[in-house]
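Examination of the molecular architecture
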Protein chains: 2
Amino acid sequence: MAKASSTGVRPTIRMVAELAGVSTATVSYVLSGRRGDGGPGVSDPTAEKVKAAAERLGYRPNQAARAIRTGRTNTVILSLTMLSDPWSLSVIEAVQKAAVPQGVTPMILGDADWVKVLGTHNADAVFVDAVRPDQREALRKLAEHGTTLVVFDEEVQADGFDVIRSIAGPGCRMAVEHLLHGHRRIACLTPATAAGTSGGTRYRAYSDALAAAKIQERDDYVGLFDGTSAGAYAAATRLLSLPDRPTAIYATTDYAAVSAINAAQRLGLAVGTDVDIIGVGNTVEGERMSPSLSTVGPVDFFDKLARLLLRRATGHPAPESPGVLDFPWHLFVRESAPHRSAATKLY
Amino acid sequence: MAKASSTGVRPTIRMVAELAGVSTATVSYVLSGRRGDGGPGVSDPTAEKVKAAAERLGYRPNQAARAIRTGRTNTVILSLTMLSDPWSLSVIEAVQKAAVPQGVTPMILGDADWVKVLGTHNADAVFVDAVRPDQREALRKLAEHGTTLVVFDEEVQADGFDVIRSIAGPGCRMAVEHLLHGHRRIACLTPATAAGTSGGTRYRAYSDALAAAKIQERDDYVGLFDGTSAGAYAAATRLLSLPDRPTAIYATTDYAAVSAINAAQRLGLAVGTDVDIIGVGNTVEGERMSPSLSTVGPVDFFDKLARLLLRRATGHPAPESPGVLDFPWHLFVRESAPHRSAATKLY
DNA sequence: CTGTTAGCGCTTTCAC
DNA sequence: GTGAAAGCGCTAACAG
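None of the values given here were measured: they were computed from a predicted structure.

1. Regarding the overall build of chain A
- Looking only at helices and strands, chain A features 13 helices and 12 strands.
- For 347 residues, the compact-globule formula gives about 20 Å, and the C-alpha radius of gyration of chain A, at 27 Å, lies well above that figure.
- In terms of its C-alpha atoms, chain A occupies a principal-axis envelope of roughly 85 × 50 × 35 Å.
- A burial count over chain A gives 50% of its 347 residues as buried.
- The contacts of chain A with a sequence gap of at least 6 include a subset with a gap of at least 24, amounting to 68%.
- Surface exposure of chain A reaches about 15600 Å², of which carbon and sulfur atoms provide 54%.
- Placing the 37 positive and 36 negative side-chain charges of chain A at their respective mean positions leaves the two points 5 Å apart.

In structure tokens form, the structure reads like this:
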């Protein structure tokens, strides 16, 4: 059998045109699917011929050549620092869902060093999930010279690009205050690295809320762990095995809260009855589990982020001018820490 | 202060040439760093002028335009199906380490639908970590028409591209047999989903090895968990709390083994003395922890994979013809399950 | 409806 | 040592 194309060379639009006996322009029209649209119409028979030829040669459009002409790459870049973090996976999932129907391909950049890469690689829009202070200037320059940016950072100034913010402090405070309605013996489950980081903010919310409620903070009610799920499970087990165990646990991340729920159940405690557990982050895992996890977090964060990024990438619809997008946090009261009335208070 | 370039348009090589008062060719020579090489020499003063102009304008080379001319994108694509899997992260890490020094940027494709994307997006080489049967034909076609592929799959035929294999069965058998040298009461810690998957292979190695050693398999020695670290921790705790607890645990993944070590230590058992624990996968986490994890796995897998991919991408050195790369598995005897002599046997 | 033609930004001979 | 010019694969005016 004679294969038309086992040469290993990549067929071009010209080869297709020759095989189909038409001009390259016609091929372009057919293959970029711009018939009937604003572009010129192409008769059905010619279109068929072209498609057959393309198929036969195994033609695939050269994205680079197309990009140079149209200025669009049909690509968005996601620069994600902590790929192992479920947060990153949520970003990817949401962007994927929004991008694919629009014909846009999300490419993930695992390296933290986005500055060098974005210098040469082009995309219709770029999401950056963390900016070190020494990268701020580069950011400004990129934006100034035509790179479309959406940046997730609490501190950086919006300056020709979009900035997404999501302030944790007040939200975390709400979580602890929710527990304070029914509890006095409230423990905190938090990674040991939470010294000065965002975890620090989350721990501080616990301290402050207890202080405001005139409750003395107890050392043995602070469950530090190593950042892993297994570590959180162990720390939660320790907390719940104390002689006067806490009746509620405030976990500074949802995954830690999930581990705490597992630990409680393993100890025979009914979560939402014997002990209340609340998390931080509003991840989908928490929402889907049983008992469902009470938590605080931004509303609809990933979807909104994805939609913004795609609006920027496609320039459609309504490309409003870039600015700061501040995400309000909400309290999601679910089964693991329900509302406590006077009758169901645990003190 | 007059900025040269706050227009928002992306500067081209021509603008740089004009500003520097030289030709575009000269700019190209200077900026693609081909002075002194085979390319024509450029005098130092001109080179300086050009660099200054480029800097002033914030010039960044257009990768697409370069790609169209040179046929190289300086990019490798990693198509990874399960981004949340530590295995994927290891791939990324290894490729990153190999690629960046060579000026190659790894781009990650989180979508499982690589067929459509690779149809249009070009890279110097592509790694694909899973091939569904219905994707095999597409794979062959891509390779035939010039896409450089490295595929990880146990079944697919190498046909114009590289295939990497890593057969788990015999390696897992070695792990269990290692434990059999010093133990009779050996438990198995494995995710519940391990019915017919690769986890199935790993569980079968346990069954078979016990059978071969004429040891009756016990239901209560099979610790099923939900796939999470916390779940593994809980299951291991249950195993080690049995009246006649096992003296050794064979965990079908390294991360489960790590959780088991944590659980054992929490119960006051000395790992490597009171109880031996072995994993599967040979991940870096296991190697680095304390006590270091005994495990089985392919040797140097990620680095070799990364090196192959980059050899394919750069065509240098020695672009040998594509074929099948079979990874032998080794037993890594470390602290968590040391060699047992007759004197230290636990039966 | 279809073909001709002029580039997009860049690299790369080949003259000077 | 430097510049003129051709052309990579493709799209988009504009003719016909």
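2. Here's the deal with the relation of the copies chain B and chain A
- Least-squares fitting of chain B to chain A yields an RMSD of 0.3 Å, with the transformation described by 0.1 Å of translation along the axis and a rotation of 179 degrees. Interpreted geometrically, this transformation is the action of a two-fold axis.
- The overlap is high: 100% of the interface residues of chain B also sit at the interface in chain A, so the same surface is used on both sides.

3. Some details on the protein's contact with DNA strand C
- Taken together, 26 residues lie around DNA strand C, and Arg69 of chain A together with Ile13, Tyr29, Tyr59 and Arg69 of chain B are the ones closest in.
- Counting only the atoms of DNA strand C that lie within 4 Å of the protein, the sugar and phosphate share comes to 61%.
- Residue isoleucine 13 of chain B places a main-chain N or O atom 2.4 Å away from a phosphate oxygen belonging to DNA strand C.
- Between DNA strand C and serine 28 of chain B there is a distance of 3.0 Å, counted from a phosphate oxygen to a side-chain nitrogen or oxygen.
- If you list the elements that add at least two residues to the surface near DNA strand C, you get helix H2 (24-31) and helix H4 (63-70) of chain A together with helix H1 (13-20), helix H2 (24-31) and helix H4 (63-70) of chain B.
- The leading source of residues in the surface near DNA strand C is H4 of chain B, at 5 residues.
- Residues of the surface near DNA strand C, tallied by class, amount to 12 nonpolar, 9 polar and 5 charged.

4. Describing the interface of chain B and chain A
- Taken together, the 55 residues of chain B in the interface contact 55 residues of chain A.
- Buried surface at the junction of chain B and chain A, summed over both partners, amounts to about 4300 Å²; 57% is from carbon and sulfur atoms.
- Between lysine 141 of chain B and glutamate 55 of chain A there is a salt bridge; the shortest N-O distance is 3.5 Å.
- Our enumeration of links across chain B and chain A arrives at 15 residue pairs in polar contact (both at pLDDT 80 or more).
- Taken together, the residues of the side of chain B that touches chain A break down into 23 nonpolar, 23 polar and 9 charged.

5. Focus: unusual backbone geometry
- A cis amide bond links serine 290 of chain A to the next residue, proline 291 of chain A, at an omega of 0 degrees.
- Checked against the element boundaries, proline 291 of chain A lands in the loop between helix H12 (284-288) and strand E10 (294-298).
- Phi at lysine 214 of chain B is positive, roughly 60 degrees, even though this residue is not glycine.
- Within the element layout of this structure, lysine 214 of chain B appears in the loop between helix H9 (198-212) and strand E7 (222-225).
- With phi around 55 degrees, asparagine 282 of chain B is a residue other than glycine that occupies positive phi space.
- By the element assignment, asparagine 282 of chain B lies in the loop between strand E9 (276-280) and helix H12 (284-288).

6. Side note on helix H5 (residues 86-99) of chain A
All names here are of chain A.
- Across its 14 residues, H5 extends 20 Å between first and last C-alpha, which sits within 8% of the 20 Å expected from 1.5 Å per residue.
- Buried within H5 are the following residues: Ser88, Ser90, Val91, Ile92, Ala94, Val95, Gln96 and Ala99.
- Its buried side turned inward, H5 meets strand E1 (75-79), strand E2 (105-109), strand E3 (125-128) and helix H13 (301-314).

7. Brief notes about H4 of chain A
- Inspection of H4 of chain A places Gln63, Ala64 and Ala67 of chain A among the buried residues, and these make up the whole buried set. Considered in projection along H4 of chain A, the buried side chains sweep an arc of 95 degrees and stay on one side of the axis. Across from the buried face of H4 of chain A, at angles greater than 90 degrees, the exposed residues are Arg69 and Thr70 of chain A.
- Buried residues in H4 of chain A make contact with H4 and helix H6 (114-120) of chain B.
- By the N-cap criterion, in which a side-chain oxygen at the helix start approaches the backbone nitrogen of a residue two or three places on, H4 of chain A is capped by asparagine 62 of chain A, the distance to alanine 64 of chain A being 2.9 Å.

8. Re the packing of aromatic side chains
- Enumeration over the complete set of coordinates arrives at 20 aromatic pairs over all chains.
- A centroid spacing of 4.8 Å and a plane angle of 65 degrees characterise the contact between phenylalanine 301 of chain A and phenylalanine 327 of chain A, whose relative ring orientation is edge-to-face. Of this pair, phenylalanine 301 of chain A sits in helix H13 while phenylalanine 327 of chain A sits in the loop between strand E11 (324-326) and strand E12 (329-332); the two residues are 26 residues apart in sequence, bridging distant segments of the chain.
- Here arginine 218 of chain A stacks its cationic end above the ring of tyrosine 221 of chain A, 3.9 Å away from the centre of that ring.
- Over the ring of tyrosine 347 of chain B we find arginine 184 of chain B; its NZ or CZ atom is 4.9 Å from the centre of that ring.

9. So, the sheet that holds strand E7 (residues 222-225) of chain A
Residues and elements named next belong to chain A.
- Here we have 6 strands laid out as an open sheet, ordered E7-E6-E8-E9-E10-E12, and mixed in their pairing. Of all strands in the sheet, those bounded by a partner on one side alone are E7 and E12. Strand-to-strand twist across the sheet, computed as the mean angle between neighbouring axes with direction ignored, equals 15 degrees.
- Helix H10 (residues 229-240) contacts strand E6 (186-191), E7 and strand E8 (248-251) of the sheet and is inclined by roughly 155 degrees relative to E7.

10. Some details on the packing of H1 of chain B against helix H3 (residues 44-57) of chain B
All names here are of chain B.
- It is at 9 Å that the axes of H1 and H3 come closest, and there the two elements cross at 125 degrees. Taken as axis vectors, H1 and H3 run oblique relative to one another. The chirality of how H1 crosses H3 is right-handed. Contact with H1, carried on its side by Met15, Val16, Leu19 and Ala20, involves Lys49, Val50, Ala53, Ala54, Arg56 and Leu57 of H3 and no other residues of that element.
- Tallied by class, the residues present in the contact of H1 with H3 amount to 8 nonpolar, no polar and 2 charged.

Reading guide: rules and limits
Residues numbered from 1 in each chain as written. Chains lettered and ligands numbered in written order. Predicted model: local features only at pLDDT ≥ 70, side-chain atom pairs only at ≥ 80, totals over all residues. Heavy atoms only, no water. Helix = DSSP H or I, 4+ residues; strand = E, 2+ residues; numbered from the N terminus. Rg over C-alpha atoms; globule rule 2.2 N^0.38 Å. Buried < 20%, exposed > 50% of the residue type's maximum accessible area, 1.4 Å probe, protein only. Contact = heavy atoms within 4.5 Å. Areas by Shrake-Rupley, 256 points an atom, 1.4 Å probe, with all protein chains shown as cover. Lys, Arg positive; Asp, Glu negative; His and termini not counted. Charge placed at Lys NZ, Arg CZ, Asp CG, Glu CD. Least-squares fit on C-alpha atoms with pLDDT ≥ 70 in both. Near = heavy atom within 4 Å. Polar contact = N/O pair within 3.5 Å; in protein donor to acceptor, adjacent residues only side chain to side chain. Nonpolar A, V, L, I, M, F, W, Y, C, P; charged D, E, K, R; others polar. Buried area = accessible area lost by both parts, 1.4 Å probe. Salt bridge = Lys/Arg side-chain N within 4 Å of Asp/Glu carboxyl O. Expected span 1.5 Å × (residues − 1). Arc of directions from axis to C-beta. Phe/Tyr/Trp six-rings, centres within 6.5 Å; stacked < 30°, edge-to-face > 60°. Lys NZ or Arg CZ within 6 Å of the ring centre and 35° of its normal. Pairing = 2+ DSSP bridges. Axes fitted to C-alpha atoms, helices over the stretch in contact; angles between N-to-C directions. Parallel < 35°, antiparallel > 145°, perpendicular 65-115°, else oblique. Left-handed = near helix turned anticlockwise from the far one by under 90°.

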